[in-house]
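Report on the structure
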Amino acid sequence: MSKPLLFSDHPPTPAETRARFPDLHPALTPQAAIPEANRCLFCFDAPCTTACPTHIDVPRFIHKIASGNVAGSARTILEANILGGSCSRACPVEVLCEGACVLHHSGQQPIEIARLQRFAMDAHQSAGAPLPFTPAPASGHKVALIGAGPASLACAAELRRHGIAATIYDARPRPGGLNTYGIAEYKLPLAESLREIDLIPRLGVEFRFNTTIDAAQLEELERTHDAIFLGIGLGAIHALGIAGEQLPGVTNALDLIAGYKSGAVLTSPPRVAVIGAGNTAIDAAIASIRLGAEEVTMIYRRGPGQISAFAFEYEHAKREGIRFLWHTQPAAILGTERVEALALIRTTDDSSFHLPVDTIILAIGQSTHSHVFADKVSTERGRILIDRATGQTSNPRYFSGGDCTNGGREVVDAVADGKRAALGIAALLTGTRREANHADIRM
């Protein structure tokens, strides 16, 4: 019997790239994990659990690590979050679970919840263990999920636990959405994203890649499925709308990150300008440094107090040697055959100057592409409107979750949305509602 094809069998990120993007938060060793787990106070009304959008039972999984039951710890995590491995690496825990740790009140370092979660999930992966769920008997219902990002993956896995057939369609050749293509390699390596997703087809979830759903195909999906989940994420990075933007040397943050993660981009020109000051902009700026850029300047029209990036991301950028130009905005991109300089205006006094650069990376937010479904579901400012408790849209047969509904938040928010939507779909199709603590978890 031949070995089933795994998503992680795809060519990995080049060794040179992996060497340039080592783990931002390296894995804990068993010798470090056990003492760290034993620092936990195991709060009864744990604020860390409340702060997690998927409500992982943090004290429970940490207590299992402390008692040597690492496999049980992983099962506790997976019970709440099917992408617990990715979230342990990519979540901004400083403003979520670790930010809520009660040890802050006594001036102590918070429990390293993310690294303990990764410790358990890495052990689960290394053991080759399956997901601890058994799909329910087939209900005869079928759901099509458009987009293979975290929201759809979480939704599909939960649907299978209700015996509902789930098929995921995606325009790209690999699953994972931003987990695979858009999160900085030093936070979540491409190989780790795919390795985690390898477990989901074992639940019976089917995938159709390189498939863009057009109007005719959508009509066919409506005819052949009982419900449709939209996990389409966001669209392209916004353009500046200034002269010279078409010149070679102008790119965007998501293309750069996807390019170096896949090995298509191995080096950076020496002088880089990044337009924007959000978390993705900082990821792109740091990537440029790691790829060999000599001078990286981030340009933002307001001051440091108004950036959308988390404070710890900003501090990380400064440690990497990135320069910031505040209260400055682009007026034109200059060059003949390719980018040569950026014309800038100071917003404080309207004075202008030129910044010589070799490449410009746009990172000023993403557009939406929900208009494709505008005749199917209600939207507002490009976001698909849903009932937050069920994920149901204005069209009873359509559900949605993730960035296309919230404008762009964290992976863990998308996972929570996907799971809630699956419960909403199951309630609609089967007339049953099952709570998060499933009886079919194998402990």
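Residues numbered from 1 in each chain as written. Predicted model: local features only at pLDDT ≥ 70, side-chain atom pairs only at ≥ 80, totals over all residues. Heavy atoms only, no water.

Running from N to C, helix α12 (residues 253-262) and helix α13 (residues 279-290) cross one another at 45 degrees; their axes reach a closest spacing of 9 Å. Between α12 and α13, the angle falls in the class oblique. Considering the relative orientation of α12 and α13, their crossing is left-handed. Contact residues: Ala253, Leu254, Leu256, Ile257 and Tyr260 in α12; Thr280, Asp283, Ala284, Ala287 and Ser288 in α13. Looking at the contact of α12 with α13, its residues break down into 7 nonpolar, 2 polar and 1 charged. (Axes fitted to C-alpha atoms, helices over the stretch in contact; angles between N-to-C directions. Helix = DSSP H or I, 4+ residues; strand = E, 2+ residues; numbered from the N terminus. Parallel < 35°, antiparallel > 145°, perpendicular 65-115°, else oblique. Left-handed = near helix turned anticlockwise from the far one by under 90°. Contact = heavy atoms within 4.5 Å. Nonpolar A, V, L, I, M, F, W, Y, C, P; charged D, E, K, R; others polar.)

Turning our eyes to something else, we now look at the nonpolar core. Among the nonpolar cores identified, the biggest contains 72 residues, and Phe61, Ile62, Leu116, Leu145, Leu159 and Ile200 are the most heavily contacted of them. No other element matches the 9 residues that helix α16 (residues 411-430) contributes to this core. Residues within four places of Ile62 in sequence aside, it is in contact with Ala37, Cys40, Phe42, Ile111, Ile113 and Leu116. In this structure, Ile257, Ala285, Val296 and Met298 belong to the second largest nonpolar core, which totals 29 residues. (Core = buried A, V, L, I, M, F, W, Y, C linked by side-chain atoms within 4.5 Å. Buried < 20%, exposed > 50% of the residue type's maximum accessible area, 1.4 Å probe, protein only.)

Here 5 bridges tie strand β10 (residues 341-346) to strand β11 (residues 352-356), and the two strands are oriented antiparallel to one another. Paired with Ala343 across the bridge in β11 is His354. Here β10 folds back onto β11 in antiparallel fashion, the turn holding 5 residues, of which Asp350 has a positive phi close to 65 degrees. (Pairing = 2+ DSSP bridges.)

Backbone-to-backbone hydrogen bonds pair the strands of a sheet. The strands run either parallel or antiparallel. Taking strand neighbours across the sheet as the criterion, the 5 strands line up as β3-β2-β1-β4-β15 in an open arrangement whose pairing is parallel. Each having just a single partner strand, β3 (206-208) and β15 (398-400) make up the two edges of the open sheet. With direction set aside, neighbouring strand axes in the sheet form an average angle of 25 degrees. Where strand β1 (residues 142-146) lies against strand β4 (residues 227-230), 4 bridges are found, and the strand directions are parallel. Note on β4: the bridge partner recorded for Ala144 is Ile228. Contacts from helix α11 (residues 215-224) reach β1, β2 (165-169), β4 and β15, with the element oriented near 155 degrees to β1. Sheet strands in contact with α16 are β1, β4 and β15, and its direction is about 160 degrees off that of β15.

Packing of helix α4 (residues 58-66) against helix α7 (residues 113-126) leaves a shortest axis separation of 10 Å and a crossing angle of 60 degrees. As the angle between them shows, α4 and α7 are arranged oblique. Once α4 is placed against α7, the crossing between them reads as left-handed. Judged by residue contacts, Val58, Phe61, Ile62 and Ile65 of α4 engage Ile113, Leu116, Gln117, Phe119 and Ala120 from α7. Residue composition of the contact of α4 with α7, by class: 8 nonpolar, 1 polar and no charged.

This next bit is on the pattern of salt bridges. Should the charged atoms of two oppositely charged side chains come close, the side chains can pair. Considering all chains together, one arrives at 24 salt bridges under this definition. A salt bridge links Glu192 to Arg89; its shortest N-O distance comes to 3.7 Å. Placement of Glu192 in helix α10 (residues 190-197) and of Arg89 in helix α6 (residues 84-90) is noted, with a sequence separation of 103 residues between them. The exposure class assigned to Glu192 is partly exposed, which follows from its relative accessible area of 22%. Two residues, Glu315 and Lys318, come together in a salt bridge whose shortest N-O distance is 3.2 Å. In this pair, Glu315 and Lys318 are both assigned in helix α14 (residues 311-319), 3 residues apart and thus about one turn of the helix distant. With a relative accessible area of 37%, Glu315 lands in the partly exposed category. In the salt-bridge network here, residues are joined through shared partners; they are Asp23, Arg89, Arg118, Asp122, Glu192 and Arg195. (Salt bridge = Lys/Arg side-chain N within 4 Å of Asp/Glu carboxyl O.)

Attention now moves to the confidence of the model for the protein chain. Mean pLDDT over the protein chain stands at 93; residues scoring 70 or higher make up 95%. Across residues 435-443, confidence stays below pLDDT 50; counting only partners more than four residues off in sequence or on other chains, it has 27 contacts. (pLDDT = per-residue confidence, 0-100.)

Time to look at α13. When the terminal C-alpha atoms of α13 are compared, their 16 Å separation across 12 residues agrees well with the 16 Å that a helix rising 1.5 Å per residue should span. Counting buried positions along α13 gives 9 out of 12 residues, so the element sits mostly inside the fold. Within α13 the residues assigned to the buried category are Ala281, Ile282, Asp283, Ala284, Ala285, Ile286, Ala287, Ser288 and Arg290. Those residues of α13 that are buried lie in contact with α1 (15-20), α12, β6 (271-275), β7 (295-299), α14 and β12 (359-362). Note on α13: the residue one or two positions beyond its end, Gly292, has a positive phi of about 110 degrees. (Expected span 1.5 Å × (residues − 1).)

Turning next to unusual backbone geometry. For Phe42, which is not glycine, the phi dihedral falls at a positive 50 degrees. Following the sequence through the fold, Phe42 ends up in the loop between α2 (30-38) and α3 (47-51). Backbone geometry places Arg381, a non-glycine residue, at a positive phi of 50 degrees. You can see Arg381 is positioned in the loop between β13 (379-380) and β14 (383-384).

Turning our attention to the sheet that holds strand β8 (residues 323-325). The strand order across the open sheet formed by 5 strands is β5-β12-β6-β7-β8, and the pairing between neighbours is parallel. Of all the strands in the sheet, the pair left with one neighbour each is β5 (250-252) and β8. With strand direction ignored, the average angle separating the axes of adjacent strands in the sheet is 25 degrees. Bridge count between β6 and β12: 4 bridges; the pairing is parallel. In the sheet register, Ala273 faces β12, and the bridge partner there is Ile360. Against the sheet, α12 engages β5 and β12, with an angle of about 80 degrees to β5.

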